[in-house]
Amino acid sequence: MSEPSEWLIYRGAGEPHEGIEQLPPPPPWRDFAGRGAPAPDEQDGDGSADRRLGGYRHIAELHRPGAEELEMINAALYLRRPLLVTGSPGAGKSTLAHSVAHELGLGRVLRWPIVSRSALQDGLYHYDAIARLQDVQIAAHSAAAGAAGAESAQSVGSYIRLGPLGTALLPSDRPRVLLIDELDKSDIDLPNDLLNVLEEGEFAIPELERIADRLPDGEAEVLDDDGSKVKVKGGRVQCRSFPFVVLTSNGERDFPAPLMRRCIHLELGRPDHQRLATFVRAHLGDEAARSGDDLIAHFLERSRSELLATDQLLNAIYLTDAAAPAGRDRLADLLIQRLDRPR
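Residues numbered from 1 in each chain as written. Predicted model: local features only at pLDDT ≥ 70, side-chain atom pairs only at ≥ 80, totals over all residues. Heavy atoms only, no water.

Here we take up the overall build of the chain. A tally of regular secondary structure across the chain gives 16 helices and 11 strands. Excluding contacts between residues fewer than 6 apart, the proportion of contacts in the chain whose partners are at least 24 apart in sequence is 79%. Surface exposure of the chain reaches about 18700 Å², of which carbon and sulfur atoms provide 51%. (Helix = DSSP H or I, 4+ residues; strand = E, 2+ residues; numbered from the N terminus. Contact = heavy atoms within 4.5 Å. Areas by Shrake-Rupley, 256 points an atom, 1.4 Å probe, with all protein chains shown as cover.)

Note: most peptide bonds trans; most residues except glycine with negative phi. A positive phi angle, near 60°, is found at Glu182, a position not held by glycine. Topologically, Glu182 is positioned in the loop between strand 5 (177-181) and helix 9 (190-200). In the Ramachandran plot, Asp217 falls in the positive-phi region, its phi being about 60° despite a non-glycine side chain. Note on placement: Asp217 falls in the loop between helix 10 (206-209) and strand 7 (219-223).

Now for the nonpolar core. Grouped together as the largest cluster of nonpolar side chains are 38 residues, with contacts concentrated most on Leu165 and Leu208. Looking at this core element by element, the count peaks at 5 residues for helix 9. Discounting chain neighbours no more than four positions away, the residues touching Leu208 are Val156, Gly157, Ile160, Ala220, Val222, Val232 and Gly235. One finds Leu284, Leu295, Leu308 and Tyr318 within the second-largest nonpolar core, a separate group that totals 19 residues. (Core = buried A, V, L, I, M, F, W, Y, C linked by side-chain atoms within 4.5 Å. Buried < 20%, exposed > 50% of the residue type's maximum accessible area, 1.4 Å probe, protein only.)

Here's what the structure looks like:
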């Protein structure tokens with residue numbers, strides 16, 4: 001058995017050393033190497049699907065979702081309604097969106113992570129008025145400031161970038177997948193603010209509506225969430241194929257009835273041993289799933305009375321497998337701490 005200190009990279013000795021060179025590759029869900037700006041039709045240009053589904057996702061295909069889960073997902077697809085997925089942390093709510101996009105070939109998942117300050121405008125588009133004002137002032141002091149008019153109107157689109165929700169509503173023949181993650185973290189107004197946009201599948205950009213009659217064919221070029229230039233006609237974005245929208249919630253709050261009425265609701269229960277083993281196998285491979293079977297069983301036993309997240313289990317299996325410290329069980333317990341403990 002290795003000494004407890006052998007796996008330590010930082011030793012707290014106060015002396016510089018080259019121990020960082022011994023650091024093993026990161027776990028797949030924390031590997032950010034090779035990210036770039038993906039095209040919308042690229043399946044995983046930013047690596048997010050690999051981090052969510054796991055580098056061994058071909059093995060994970062052995063697992064099939066339950067009948068109710070499949071039915072609710074397909075109901076949302078058929079009815080063109082948002083899918084509200086609730087469940088405990090780490091139950092696989094966000095992964096569901098990546099799984100659907102991967103299987104149906106719908107490109108990169110557009111992700112809008114919600115925080116307490118998130119507003120509808122953040123998801124639709126951002127207009128950089130300050131940058132435009134600065135450019136106008138620079139142009140006013142240049143010798144070539146004589147040709148404004150239509151050229152000035154056309155430049156407005158250069159200061160507009162669509163957000164994840166705005167990009168999902170762009171007209172296309174195939175739906176995009178939009179993940180609105182942890183909606184229960186929002187302030188009280190956002191769920192109600194989403195109602196009209198999700199019902200109508202369109203929204204206006206007033207900055208473009210005001211000048212539409214001065215634009216060639218009424219169109220302006222703006223950037224979308226993928227970083228591509230797209231045309232917006234008449235200052236309005238109107239979808240042709242309603243996006244597959246996944247709203248996730250950890251169940252920390254109730255949502256207004258009007259939002260619930262417009263959504264298909266899927267409750268993800270606590271995963272069983274087989275599902276957890278498949279989850280570990282997808283991210284870390286067969287060997288890690290076998291060696292970590294006792295940690296999976298212990299995790300399940302604790303989760304009956306404690307609030308735990310499956311990513312804690314992944315962290316514990318990866319670290320105890322990569323580092324193989326002598327105090328394996330003790331280290332696993334340090335990493336898998338209950339999330340509902342009194343503070």
